[in-house]
Amino acid sequence: MLAFARRQTVAPKVLDLNDRVAGTLKMLRPLVDEDVDLVWMPGAGLWPVKIDPSQIDQLLANLCVNARDAISGVGKVTIETDNAAFDEAYAPFIRAYLR
């Protein structure tokens, strides 16, 4: 959606999501207040993903800023990765979201 809205060129690459998130944490920490803990919980044995690395960075930054804004005072933002598979029963929800 970000690429479409901004007419950005996308350059997807197959990458390890845990490596990308770990590398992005230094950029994310200043985005949250000092009273908000940023917790990273990497999943084990993640499948490779094909995505533009800058989109991961932008997505995480947006989520962290939104979470920070929703926290009043002391709080915690947790970033966790894991594998997930969606079956046919979930497919209509995905299709509706992508429209």
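The shown structure was predicted, so the numbers you read here are calculated from the model rather than taken from an experiment.

Chemist: Account for the pattern of salt bridges, naming residues and giving values.
Modeler: What the rule picks out here adds up to 2 salt bridges. Aspartate 57 is the partner of arginine 20 in a salt bridge, and the nearest nitrogen-oxygen pair spans 2.6 Å. You can see arginine 20 sitting in helix H2 (residues 17-28) and its partner aspartate 57 sitting in helix H3 (residues 53-70), a full 37 residues away along the chain. In this structure aspartate 57 comes out as buried when scored by relative accessible area, which is 19%. Across the pair arginine 68 and aspartate 69 runs a salt bridge whose closest N-O atoms are separated by 2.9 Å.

Chemist: Now, about H3: what can you tell me, with residues and values included?
Modeler: Compared with the 26 Å implied by 1.5 Å per residue over 18 residues, the 26 Å span of H3 between its first and last C-alpha is a close match. Turning to H3, its buried residues are Pro53, Ile56, Asp57, Leu60, Ala61 and Cys64. Along the long axis of H3, the arc covered by the buried residues comes to 125°, so they all point the same way. Among the exposed residues of H3, those pointing more than 90 degrees away from its buried face are Leu63, Asn66, Asp69 and Ala70. Residues of H3 that are buried sit in contact with strand S1 (13-15), H2, strand S2 (36-41), strand S3 (49-51) and strand S4 (75-80).

Chemist: Could you give an account of the environment of leucine 60, with specific residues and numbers?
Modeler: One can find leucine 60 in helix H3. Taking the C-alpha atoms as reference, leucine 60 lies 8.3 Å from threonine 24; in sequence the two are 36 residues apart.

Chemist: Can you tell me about the packing of H2 against H3, naming the residues and giving the values?
Modeler: Where H2 meets H3, the closest approach of the two axes is 10 Å, and the angle between their N-to-C directions is 50°. In this view, H2 runs oblique relative to H3, as classed from their interaxial angle. You can see that H2 and H3 cross each other, and the crossing is right-handed. Residues Leu17, Arg20, Val21, Thr24, Met27 and Leu28 of H2 form the contact with H3, whose participating residues are Pro53, Ser54, Ile56, Asp57, Leu60, Ala61 and Cys64. Grouping the constituent residues of the contact of H2 with H3 by class yields 9 nonpolar, 2 polar and 2 charged.

Reading guide: rules and limits
- Residues numbered from 1 in each chain as written.
- Predicted model: local features only at pLDDT ≥ 70, side-chain atom pairs only at ≥ 80, totals over all residues.
- Heavy atoms only, no water.
- Salt bridge = Lys/Arg side-chain N within 4 Å of Asp/Glu carboxyl O.
- Helix = DSSP H or I, 4+ residues; strand = E, 2+ residues; numbered from the N terminus.
- Buried < 20%, exposed > 50% of the residue type's maximum accessible area, 1.4 Å probe, protein only.
- Expected span 1.5 Å × (residues − 1).
- Arc of directions from axis to C-beta.
- Contact = heavy atoms within 4.5 Å.
- Axes fitted to C-alpha atoms, helices over the stretch in contact; angles between N-to-C directions.
- Parallel < 35°, antiparallel > 145°, perpendicular 65-115°, else oblique.
- Left-handed = near helix turned anticlockwise from the far one by under 90°.
- Nonpolar A, V, L, I, M, F, W, Y, C, P; charged D, E, K, R; others polar.

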